[in-house]
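Coordinate inspection notes
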Amino acid sequence: MSFKNQENKNYYNPVRRAILNYEMILPHDKVAVGMSGGKDSISLFTFLDTLSKQERLGYPFEIVPITLDMGFGMDLTPMKEFVEQRGYELEIVPTKIAKVVFDIKKEKNPCSLCAKLRRGILYKRGKELGCSKVALGHHLDDALETYFMNFFYHGLLESFEPISFLSEAELHIIRPMLYLEEKEIIRWVDYHQLPVIANPCPVDKKTKREETKRFVARLTEDYPLVKKRFVQGMEHEVGNEWSILRKT
């Protein structure tokens, strides 16, 4: 069977299942889509765009693509043009994150501060544009890597949640690609020739996450079902939490 014929089974159905399982998007929600220029966020945009236009959730919702100009001198034109071809206007938020992290703070381990600044600006702009949800392009591999990073470096047995509420921002953060593996996203981007912008960050591919990614890759070779088991454990844990919340 061709790749095109497998798209529903391998991509849209898992994204739709994640959204509906965790009630990530409700009727008439306005959802900000965080777009970095990478393969994950551009894929997320295409999935949500199709689900929205074709009402594959069974009800309407709206998406608002947002990207941050980090101050690295990235050419955002390919992403901007792609978004416009789909009928949207890309909201570009200028920032000085690169200068703050590398020139002012001179962080030796800049990822944590960079992520904190990016999230804060993204959430603030999403709220200003009337969004109640912010969708992030995290996938199954990200969830598993985050679990091990929390264990290795913080002694915590936890990953990020499929959906979470930020009371200070009055926003829900959702991760619709939670059931998709990174290798599937790479196939999606390659097949559809989506415009991916190279990451100009000077520490790209030199982080603790990259080390953890290699660890997870080795683990998967020895235990091929580890990702499937992680999803099962995650659904069991979240299911228990939701049952408790709904009874209170």
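You'll find the structure just up there.
A short tour of the structure in this document, coming up. In this text, all values refer to a predicted model and were calculated from it rather than measured experimentally.

Here's the deal with helix α2 (residues 39-53)
Turn by turn, an α-helix covers 3.6 residues, leaving residues three or four places apart pointing in a common direction. Between its terminal C-alpha atoms α2 stretches 21 Å, which fits the 21 Å expected from 15 residues at 1.5 Å a residue. Counting buried positions along α2 yields 13 of 15 residues, so the element is predominantly enclosed.

Topic: the nonpolar core
Counting 52 residues, the largest nonpolar core has Ile 25 and Leu 48 as its most contacted members. Broken down by secondary-structure element, the contributors of at least two residues to this core are α1 (7-21), β1 (30-34), α2, α3 (77-85), α6 (140-154), α7 (182-192), α8 (208-222) and α9 (226-247). Counting residues per element, this core draws most heavily on α2, at 6 residues. What Leu 48 contacts, discounting residues up to four positions off in sequence, is Ile 19, Ile 25, Val 33, Phe 61, Ile 63, Ala 135 and Pro 176.

Topic: the packing of aromatic side chains
Counted under the stated rule, the structure contains 14 aromatic pairs. An angle of 45° between the planes, with centres 4.8 Å apart, marks the rings of Tyr 11 and Trp 188 as tilted. Taken together, the residues Tyr 11 in helix α1 and Trp 188 in helix α7 connect sequence positions 177 residues apart. Trp 188 carries the same exposure label as Tyr 11, and that label is buried. When the ring of Phe 45 is compared with that of Phe 82, the centres are 6.1 Å apart and the planes differ by 70°; the resulting orientation is edge-to-face. Linking Phe 45 in helix α2 with Phe 82 in helix α3, this pair joins segments that are 37 residues apart in sequence. We classify Phe 82 as buried; its relative accessible area is 12%. Sitting over the face of the ring of Tyr 12, Arg 56 holds its NZ or CZ atom 4.5 Å from the ring centroid. When the ring centre of Phe 160 is taken as reference, the NZ or CZ atom of Arg 175 above it lies at 4.3 Å.

Side note on the sheet that holds strand β4 (residues 133-135)
Strands belonging to one sheet form pairs held by backbone hydrogen bonds; the direction of such a pair is parallel or antiparallel. The 6 strands are arranged β3-β2-β1-β4-β6-β5 in an open sheet whose pairing can be described as mixed. The open sheet has two edge strands, β3 (91-94) and β5 (163-166), and neither has a second partner. With direction set aside, neighbouring strand axes in the sheet form an average angle of 30°. Note that β1 and β4 share 3 bridges and pair parallel. Paired with Ala 32 across the two strands is Val 134, which belongs to β4.

Observations regarding the packing of α1 against α2
Between α1 and α2, the least distance of the axes is 11 Å, while the angle of their chain directions is 80°. What the angle tells us is that α1 and α2 run roughly perpendicular. Only Thr 46, Phe 47, Leu 48, Thr 50 and Leu 51 of α2 make contact with α1, whose side of the interface consists of Tyr 11, Tyr 12, Val 15 and Ile 19. When grouped by side-chain class, the residues that make up the contact of α1 with α2 number 7 nonpolar, 2 polar and no charged.

Calculation rules
Residues numbered from 1 in each chain as written. Predicted model: local features only at pLDDT ≥ 70, side-chain atom pairs only at ≥ 80, totals over all residues. Heavy atoms only, no water. Helix = DSSP H or I, 4+ residues; strand = E, 2+ residues; numbered from the N terminus. Expected span 1.5 Å × (residues − 1). Buried < 20%, exposed > 50% of the residue type's maximum accessible area, 1.4 Å probe, protein only. Core = buried A, V, L, I, M, F, W, Y, C linked by side-chain atoms within 4.5 Å. Contact = heavy atoms within 4.5 Å. Phe/Tyr/Trp six-rings, centres within 6.5 Å; stacked < 30°, edge-to-face > 60°. Lys NZ or Arg CZ within 6 Å of the ring centre and 35° of its normal. Pairing = 2+ DSSP bridges. Axes fitted to C-alpha atoms, helices over the stretch in contact; angles between N-to-C directions. Parallel < 35°, antiparallel > 145°, perpendicular 65-115°, else oblique. Nonpolar A, V, L, I, M, F, W, Y, C, P; charged D, E, K, R; others polar.

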